[in-house]
Structure formats: structure tokens, C-alpha cells
Amino acid sequence: MTHAPNTPDSSPANPKALYGGKSSRRVTVRDIAAAKARGEKWPMLTAYDAMTASVFDESGIPVLLVGDSMGNCHLGYESTVPVTMDEIAVLSAAVVRGTQRALVVADLPFGSYQEGPVQALRNATRLVKETGVGAIKLEGGERSAEQIKLLVEAGIPVMAHIGLTPQSVNAFGGYPVQGRGEEAAQQLLRDAKAVQDAGAFSVVLELVPAELAAEVTRTLHIPTVGIGAGQECDAQVLVWTDMAGMTSGRVPRFVKQYAQLRETLGEAARAFGADVVGGAYPAEEHAFH
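This structure is a prediction, so every number in the text was calculated from the model and none was measured.

Enquirer: Whenever I open this one, the packing of helix 4 (residues 85-97) against helix 5 (residues 117-131) confuses me. Can you help?
Expert: Any two packed helices are characterised by the angle at which their axes cross and by the distance between the axes. Where helix 4 contacts helix 5, the two axes come as close as 9 Å, and the packing angle between them is 35°. Helix-helix and strand crossings are classified by hand; for helix 4 and helix 5 the assignment is right-handed. Every residue of helix 5 that contacts helix 4 at Met85, Asp86, Ile88, Ala89, Ser92, Ala93 and Val96 is listed here: Asn123, Arg126, Leu127, Glu130 and Thr131. Looking at the contact of helix 4 with helix 5 residue by residue, the classes come out as six nonpolar, three polar and three charged.

What follows is the structure in C-alpha cells.
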């Protein structure tokens, strides 16, 4: 059954709506579950610093992900693999400080949970205690089910992530679409059910054929968050630097750019440079006497 985003309960005028609602308290995983029940779609963006996070929070974005995508777009790494717990912790705390309403979700980086549930609990507990995030995200379906189960039993909400899992870039040999073909599709469905059964409150579907993502969304009672997974997911997420046109060069096919901030910032920097060289800045109104 396809959700009906234009029903009265899911309209922006609904005070309980995740996006466009009237509540100023922190969004919780219960709000996420209620949105699924209403058939309400909602947006999620990444954030890596307090200032940017405050802009998205003030704009009503209900969920912010401190993703290990920081490796690519914030820290200068070639992939997410080098990102450390210390880096996630510092930036997660900044995003929490910059927000008042959004549910802040922090990624567990590569190497911080693959050893097993105990390692996952230790590192997830650190993020929750030190940074104040409201939930943790980790990659993997069936292979990560035990980690998810232990975290949830310990009281830590978990957002799962299946399909294309960027931390496995070396195993995948790149960033191919996942779930094509009957065998791969069945495995993705098993992964989705496994993370739901383990207690995840939502699951990210990355680079999954739209028809398969729609089937997963219909099958699960927890929300699906799509990124390159078609229109039928319950929510959509983008890396904010892609969304805002900060990323240089080619962007993935699924990205829609809503601004061209790289161009805007470049123009501002060039104008500043020209003013300094030409003596127009600082002017008299910028001086103290």
C-alpha cells in the first residue's frame, strides 16, 4: 500500500508533523514511528558543525545525521573508511550544541563495531554520553543484527543502513547500485527484516532500485530513509554539501542541488580579495578611532 503524503494528518499544517510542525522540543524516535503511521514523509540532512546545523534546525529539518560522509566532504579523505571515533565525537557534539529541535544521529565509523556487539556498545555509549546525540547509525543488515540488538537493549536507538554501505567501498570495488537481480534483492529484503527484528527504529536504503525500495517500505513497519532509492521511501536524506551545491565536480545521479553555494562563496572570496588589494576594504566605516 502506497502512503498518502497529502492526507490531513501528514499535511504541513499538522502541529505534530515532523517537517512544518509546531513543536519546539527535541524530535524523538517515537515521533519518527508516529510519522510512519501517519504516512508522513520527512527530510534528513547531514551536518558536521554547529553553525550549519543551526541553519538546518531553524529551517525545520527534523533529523540531522553526523555522517561519516564527513570524511569525503569535510575532512578531505578519499572515502569514509579513515574517519575515527574521535572525529565523529567532536563533530557530533558540535551539531548537538547547534540545534534545539532536530534528532541528531551519529554514525559509528568503520572499525568501531565490526568486532562485535560489545565493541559496538562501548563506542555507541561513548557517543551518547559525550556528545548528547539521540541515536546511532551503523551499516550492515544481517551481519550487524546482533550489534543493533544489544544497543537497543541498552537503551540506545539505532538507525540501520543497508544497500550500498560506503564503509565497504573496498569490498564493493566502488559504489555500485545494490539489490539488482533476484538473489541480491532477496538478500536486501532479508537484511531489512533483520535490522527491524533487531530493534532498529529506521533504516537507510542507499543506491537501491526504486521498485525494491518500495517493496521494502511496504514490508517494514519502521521508516525507510532513501538516498538514491526512489520516491516511495518514507524519508529522504542528502549529504548537505551535495544538496547545497558545495561539492565540486560530478555529483551522483540521485542528487538534486538546491543552491550553488560553492559558486556563491567563491564570488564572495574574490570580491573580498579584490577590495583588499584595491584598498576598498577596510573603508572608513570599518575603522576605529
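Enquirer: Please clarify how the pattern of salt bridges should be interpreted in this entry.
Expert: Pairing is possible between side chains that carry opposite charge, provided their charged atoms lie close to one another. Evaluation of the coordinates by the stated rule reveals seven salt bridges. Of the charged contacts in the structure, one is a salt bridge between Lys137 and Asp107, with a shortest N-O distance of 2.8 Å. Taken as a pair, Lys137 in strand 4 (residues 135-139) and Asp107 in strand 3 (residues 103-107) lie far apart in primary sequence, 30 residues in all. Of the two residues, Lys137 and Asp107, neither departs from the other in class, the shared state being buried. Members of the salt-bridge network, linked through shared partners, are Asp86, Arg126 and Glu130.

Enquirer: Help me out: how do you make sense of a nonpolar patch on the surface in this one?
Expert: Taken together, the side chains of Phe272, Val276 and Tyr281 define a hydrophobic patch exposed on the protein surface, amounting to about 280 Å² of accessible area. Mapped onto the fold, Val276 is located in helix 11 (residues 261-278).

Enquirer: Which parts of the structure should I look at to understand unusual backbone geometry?
Expert: Residues other than glycine predominantly adopt negative phi, and peptide bonds predominantly adopt the trans conformation. Here the amide bond leading from Tyr281 into Pro282 is cis, since omega sits at 0°, within 30 degrees of zero. If you trace the backbone, Pro282 turns up in the segment after helix 11. The backbone phi angle of Leu207 is positive, close to 50°, even though this residue is not glycine. Topologically, Leu207 is positioned in the loop between strand 6 (202-206) and helix 9 (210-219).

Enquirer: I tried to follow helix 4 on my own but got confused; where do I start?
Expert: An α-helix turns once every 3.6 residues. As a result, residues three or four positions apart point the same way. Between the first and last C-alpha of helix 4 there are 18 Å, a value that for 13 residues agrees with the 18 Å anticipated at 1.5 Å per step. Of the residues making up helix 4, those classed as buried are Met85, Ile88, Ala89, Leu91, Ser92, Ala93, Ala94, Val95 and Val96. Each element contacted by the buried residues of helix 4 is listed here: helix 2 (50-58), strand 2 (63-66), helix 3 (70-73), strand 3 and helix 5.

Enquirer: Explanation requested: the environment of Thr99 in the structure shown.
Expert: On the secondary structure map, Thr99 appears in the loop between helix 4 and strand 3. Put simply, Thr99 and Val55 are 44 residues apart on the chain and 8.6 Å apart in space, counted from C-alpha to C-alpha. Contact partners of Thr99, with chain neighbours within four places excluded, come to Arg26, Ala53, Asp57, Leu64 and Val104. A polar side-chain atom of Thr99 sits 3.2 Å from the main-chain carbonyl oxygen of Val96.

Conventions used here
- Residues numbered from 1 in each chain as written.
- Predicted model: local features only at pLDDT ≥ 70, side-chain atom pairs only at ≥ 80, totals over all residues.
- Heavy atoms only, no water.
- Axes fitted to C-alpha atoms, helices over the stretch in contact; angles between N-to-C directions.
- Helix = DSSP H or I, 4+ residues; strand = E, 2+ residues; numbered from the N terminus.
- Left-handed = near helix turned anticlockwise from the far one by under 90°.
- Contact = heavy atoms within 4.5 Å.
- Nonpolar A, V, L, I, M, F, W, Y, C, P; charged D, E, K, R; others polar.
- Salt bridge = Lys/Arg side-chain N within 4 Å of Asp/Glu carboxyl O.
- Buried < 20%, exposed > 50% of the residue type's maximum accessible area, 1.4 Å probe, protein only.
- Patch = residues over 30% accessible without salt bridge, like charges linked within 9 Å, V, L, I, M, F, W, Y side chains within 5 Å.
- Areas by Shrake-Rupley, 256 points an atom, 1.4 Å probe, with all protein chains shown as cover.
- Expected span 1.5 Å × (residues − 1).
- Polar contact = N/O pair within 3.5 Å; in protein donor to acceptor, adjacent residues only side chain to side chain.

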